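This is what each chain is made of:
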Amino acid sequence: MYRPHTTLEQWRILQAVVDHGGYAKAASALNKSQSSLNHAVAKLQQLIGVPLLEVKGRKAELTPQGKVLLRRSRALTSEIEQLELLATNLEQGWEPEITLSREILYPTEALYQAMSRFYRESRGTRLTVIDNVMSGTDDAVSQGDFDLVISAGSHPGHRGQPLGVIRMLLVCHPAHPLASETMIDDSRLSQELQLVIRDTGQHADKDRGWLRAEQRWTFSNFHEAIAVLHQGVGFCWVPEHLAHPHLANGSLTHLSQATVDYSVIPLALVVPNRDTLGPAATRFAELLVESSPLAQQASTAPVTE
């Protein structure tokens with residue numbers, strides 16, 4: 001079995017000498033004697049048989065080989081630091097991983113903002129985010145595979161933290177036949193192709209939440225559906241925050257003449273199992289609520305039970 005001849009401390013000393021521009025400043029920063037640093041780097045070069053530093057005037061500079069090895073050593077020491085931090089976090093009860101189920105209706109920018117803020121406090125905790133749709137969110141709550149669930153529905157036995165509401169708009173391309181009609185009811189809509197988003201649940205009801213249109217194309221996300229709408233094909237219920245830029249530039253139109261041209265869907269943050277929720281997930285949950293652009297609406301949105 002191979003055993004390393006060098007130590008992490010030797011590589012850390014080399015990094016310090018380079019970062020501080022010489023042995024004297026590095027010795028001061030590390031609170032060590034300059035001679036001990038000289039000895040450590042000399043010993044390191046002797047053990048690996050490769051020159052790492054060369055003195056030019058009063059300054060020690062990396063050799064070409066030294067640049068390569070220094071870069072690799074930084075990655076190695078960073079991994080060790082993360083490992084030690086993880087061990088400390090585990091000892092303190094700070095969990096190593098969080099899983100979040102996000103209802104696809106929830107704005108990605110709000111999620112990214114919460115993630116960015118959490119990263120600065122994460123202590124190396126890994127974060128997994130899975131998008132779910134309709135009954136897929138039900139599964140995420142009931143099966144207990146997720147620490148946190150952003151939900152668009154109520155779940156008996158689970159109290160959700162309101163995140164506000166999402167408006168769903170009925171939209172199509174301006175050149176679509178529906179766009180020129182003065183009155184549109186469900187019967188008329190059922191005659192046209194509808195674009196829908198696939199329910200991710202294990203026992204998905206194909207008609208749940210959607211008009212029972214005979215003609216229907218199914219997609220995995222709204223971005224694909226919107227791309228097809230731009231071709232003048234079909235109509236679709238689209239979250240207002242995704243539809244807005246396309247409505248603003250005229251590439252899509254809101255079918256406001258329809259009997260039902262929009263719907264309002266409350267969103268909430270659900271904790272499937274509060275007994276197992278750790279401090280990292282608790283903090284991330286707080287940031288999700290704080291970062292929601294819908295937070296002002298949250299006070300009026302219903303609490304899910």
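A brief structural summary. Predicted model only: the values in this text are computed from it and were never measured.

Each value, and the rule that gives it
Per chain, residues are indexed from 1 in the order of the written sequence. The predicted origin of the model limits local features to residues at a pLDDT of at least 70 and limits the giving and counting of side-chain atom pairs to 80 or more, whereas totals for whole chains, interfaces and linings rest on all residues. The side-chain quantities take in all heavy atoms of the structure and omit both hydrogens and water. Between any two strands, at least two bridges found by DSSP are needed for them to pair. Helix and strand definitions follow DSSP, with helices as H or I runs of at least four residues and strands as E runs of at least two, each counted in order from the N terminus. Classification remark: right-handed applies to a crossover when, strands pointing away from the viewer, the course from the first strand over the helix to the second runs clockwise. Here, two residues are considered to be in contact whenever any of their heavy atoms come within 4.5 Å of each other. In this scheme Phe, Tyr and Trp rings, the latter by its six-membered ring, pair at centre separations within 6.5 Å, and the angle between planes marks the pair as stacked below 30 degrees, edge-to-face above 60, and tilted otherwise. Exposed residues in this analysis have more than 50% of their type's maximum accessible area, buried residues have under 20%, and partly exposed residues fall in between, with area computed by a 1.4 Å probe over protein chains only.

The side chains of a regular strand alternate between both faces of the sheet. Pairing between strand E3 (residues 97-103) and strand E4 (residues 126-132): seven bridges, direction parallel. The residue of E4 that forms the bridge with Glu-103 is Asn-132. With helix H5 (residues 108-119) bridging E3 and the parallel E4, this β-α-β connection has right-handed handedness.

To continue, consider the side chain of Ser-101. Along the chain, Ser-101 turns up in strand E3. Excluding residues that lie within four positions of it along the chain, Ser-101 makes contacts with Ile-130, Asn-132, Ala-140, Phe-146, Leu-148, Val-149 and Ile-150.

Once that is clear, we can look at the packing of aromatic side chains. For the coordinates displayed, the defined rule picks out one aromatic pair. Taken together, a centroid distance of 5.1 Å and an interplanar angle of 50 degrees make the contact between Phe-118 and Phe-284 tilted. Separated by 166 residues along the polypeptide, Phe-118 in helix H5 and Phe-284 in helix H10 (residues 279-291) bring together distant segments of the chain. Taking the relative accessible area as the measure of exposure, Phe-118 reaches 2% and is therefore buried. Its relative accessible area of 0% is what places Phe-284 among the buried residues.

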